[in-house]
Amino acid sequence: MNSGDKCPRCGKPVLPDDKMCGNCGTELYLGADGENKKSQAIRENLSRYWNEQGEKFYFGNGVTQDYSEAVRWFKMAADYGDPEAQCSLGYCLESGRGANRNYAEAARLYSLAAEQGLSRAQNNLGVCYRNGIGVSEDPGEAVRWFRAAALQGNAEAQCNLAFCYESGAGVDRSHSEAIKWCSVAAEAGVAKAQHYMGICYRTGNGVPENSTAALEWFRAAALQGHFGAQYDLGMCYKYGIGTARNGAEAVKWLRMAAEAGHPRAQYEFADCCKSGVGVAADPREAVKWFYMAAEQGMAKAQNALGACYKSGQGVGKNCMEAVKWYRLAAEQGDADAQCNLGYCYDTGLGIAQNYSEAVRWYRMAAEQGHARAQNNLGVCYKNGQGVTADNTEAAKW
C-alpha cells in the first residue's frame, strides 16, 4: 500500500506495512509474501464492508430503510465476488425490492453464490429450478441444490428436500426420507415442517399415531403464524383431538386462520358462530364467513350459505340465491348440496319444478351414500316422479 492509503472500512489512514487498521481492526494484510495476498485481503474486506452497508439499508439498521440504496451497495460487493451480496442482490431482483424484477439475473447471482458454497443461495437456486424462476424448470437440479444446502444444515432447504421426497419431484418418492428431513427442519423451527410433522402424527403417516404430539407441532407452527397450522390447531380444540374440547381456544385459532384467508378456517369459524361454539351464536356473522369461504370456491361453505338463504337465517330469505349456491357446491360433487339442489327441483323451490332434474341430483348424492338423497330417490321411484315407477328400485334405495 502507498503512503496516504486509507482503510476500506472506516476510511482512516493506514501505513504501507500495516497488517490491520489501528482504528477499526480491519485486516489489511494476510501474510508477508507480496501484494497478491494484500490485494486479495483488501478486496475481501472492501466487499464485506459494502455488503454490510447493503444490509444496513435493506433492514433499516441505524439508517432509513432504502431498498434502492441497498441494491447499490449489494451490487458493488457482488461485482467483487462476495457470495452474501450476490445472494442478497439476487433476492432483490427476484422480489423487485429496490430494482426492477429480473428473474434470470437473480438466478444467475444465486448460482454464483451457490457455487461458492453459500447455503441460502443454494436453497434459493433450488427454488428457482423447482418453480422455473429465471431458469427452465428442472426438479432434478432443484433436488441437487436443496440437498447441498440441507447437508450444510440449512433448515429451509431441509424442508424443501423433504417435500421433494414426499411428492417424488426430481427424486424417487420416499416417505421415510421426507420424514427424516422434515423432522430435522421442524426441530430447527421451520413452520411448514412443523405443520407437516403435526399432520403425520395426527394420521400416523410414517410415524406412530400420536394426537398429543400432533397438537404440539401444530401449536409450534401456529405460533409462527402458519395459517394451516392455526386451522389444524383450532380443529384439535374444537373436536378434542389430543386435548380436551375447548370452544374458546378453537375459535381463537380458527379466527386467526380465517382472517388470513384460509377457506376451511372461515367455514369452521362460521360454523362456530352459527352454533354458538366458543362464541355467542350470531347468524349474521356466520353468513359473513360462510360467504368468504364460498367465494373462494369451498363447496361445504357454498352449501351452508345456500341453506342460510333457504331458511333466512342470518340473511334475507332468498330461494333463488339458495339454488345458486347449492348448484355451485353440487357441481363440485358435494353430496349435501346435490341432495339440496335435487330437493329444490323436486319442490319447485327457487327454480321451476323439474322431477327429472331432481332425480338426477338425488342419484348423484345417493351414489355417494347420502342417506336423505337415497330415501328421496326411492320416493321418486315409488311415485314415478322423474322416472318410471319401479317398486324394486324404490325398495333398493
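In this text, all values refer to a predicted model and were calculated from it rather than measured experimentally. (Residues numbered from 1 in each chain as written. Predicted model: local features only at pLDDT ≥ 70, side-chain atom pairs only at ≥ 80, totals over all residues. Heavy atoms only, no water.)

Q: So, the pattern of salt bridges: which residues are in play, and what are the values?
A: Enumeration over the complete set of coordinates arrives at 16 salt bridges. Note that Glu321 and Lys324 form a salt bridge whose closest N and O atoms lie 3.4 Å from each other. With Glu321 and Lys324 both in helix α16 (residues 319-330) and three residues apart, this pair spans about one turn of that helix. Owing to a relative accessible area of 41%, Lys324 belongs among the partly exposed residues under this scheme. A salt bridge links Arg360 to Glu357; the nearest nitrogen and oxygen atoms lie 3.0 Å apart. (Salt bridge = Lys/Arg side-chain N within 4 Å of Asp/Glu carboxyl O. Helix = DSSP H or I, 4+ residues; strand = E, 2+ residues; numbered from the N terminus. Buried < 20%, exposed > 50% of the residue type's maximum accessible area, 1.4 Å probe, protein only.)

Q: Describe in detail the packing of aromatic side chains, supporting the description with residues and values.
A: Under the definition given, this model contains nine aromatic pairs. Aromatic pair Tyr49 and Trp73: ring centres 6.2 Å apart, planes at 80 degrees, arrangement edge-to-face. Here Trp73 lies in helix α2 (residues 67-79) and Tyr49 lies in helix α1 (residues 35-59), a separation of 24 residues in the sequence. The buried category is assigned to Tyr49, whose relative accessible area is 19%. For the pair Tyr58 and Tyr67, a centre-to-centre distance of 5.0 Å together with 55 degrees between the ring planes defines the contact as tilted. According to the relative accessible area criterion, Tyr58 is buried, its value standing at 10%. Exposure remark for Tyr67: the relative accessible area of 27% places this residue in the partly exposed category. Through pairs of rings, three or more aromatic residues link up here, namely Tyr58, Phe59, Tyr67 and Phe74. (Phe/Tyr/Trp six-rings, centres within 6.5 Å; stacked < 30°, edge-to-face > 60°.)

Q: Tell me about the packing of helix α17 (residues 335-347) against helix α18 (residues 355-366), and name the residues and values.
A: If you want to describe how two helices pack, look at the angle between their axes and the distance between the axes. The interhelical angle for the contact between α17 and α18, taken along N-to-C directions, is 165 degrees, at an axis separation of 8 Å. Put simply, α17 runs roughly antiparallel to α18. For α17 against α18, the interelement crossing comes out left-handed. Mapping the contact onto sequence places Ala335, Gln338, Cys339, Leu341, Gly342, Tyr343, Tyr345 and Asp346 in α17 and Tyr355, Glu357, Ala358, Trp361, Tyr362, Met364 and Ala365 in α18. Residues that form the contact of α17 with α18 fall into these classes: 11 nonpolar, two polar and two charged. (Axes fitted to C-alpha atoms, helices over the stretch in contact; angles between N-to-C directions. Parallel < 35°, antiparallel > 145°, perpendicular 65-115°, else oblique. Left-handed = near helix turned anticlockwise from the far one by under 90°. Contact = heavy atoms within 4.5 Å. Nonpolar A, V, L, I, M, F, W, Y, C, P; charged D, E, K, R; others polar.)

Q: Can you explain the layout of surface pockets? Please cite residues and give values.
A: Volume-wise, the largest pocket comes out at about 160 Å³. Lining the largest pocket, in full, are Glu55, Tyr58, Phe59, Phe74, Cys87, Ser88, Tyr91, Cys92, Arg120 and Asn124. At four residues, the largest contribution of residues to the lining of the largest pocket is made by helix α3 (residues 83-95). Taken together, the residues of the lining of the largest pocket sort by class into six nonpolar, two polar and two charged. (1 Å grid on protein atoms, 1.4 Å probe; cavity = no way out; pocket = protein on both sides within 12 Å on 5 of 7 lines; lining within 4 Å. Points joined across faces, edges and corners; volume = space filled by probe spheres on them.)

Everything listed here is a matter of geometry and, on its own, says nothing about what the molecule does.
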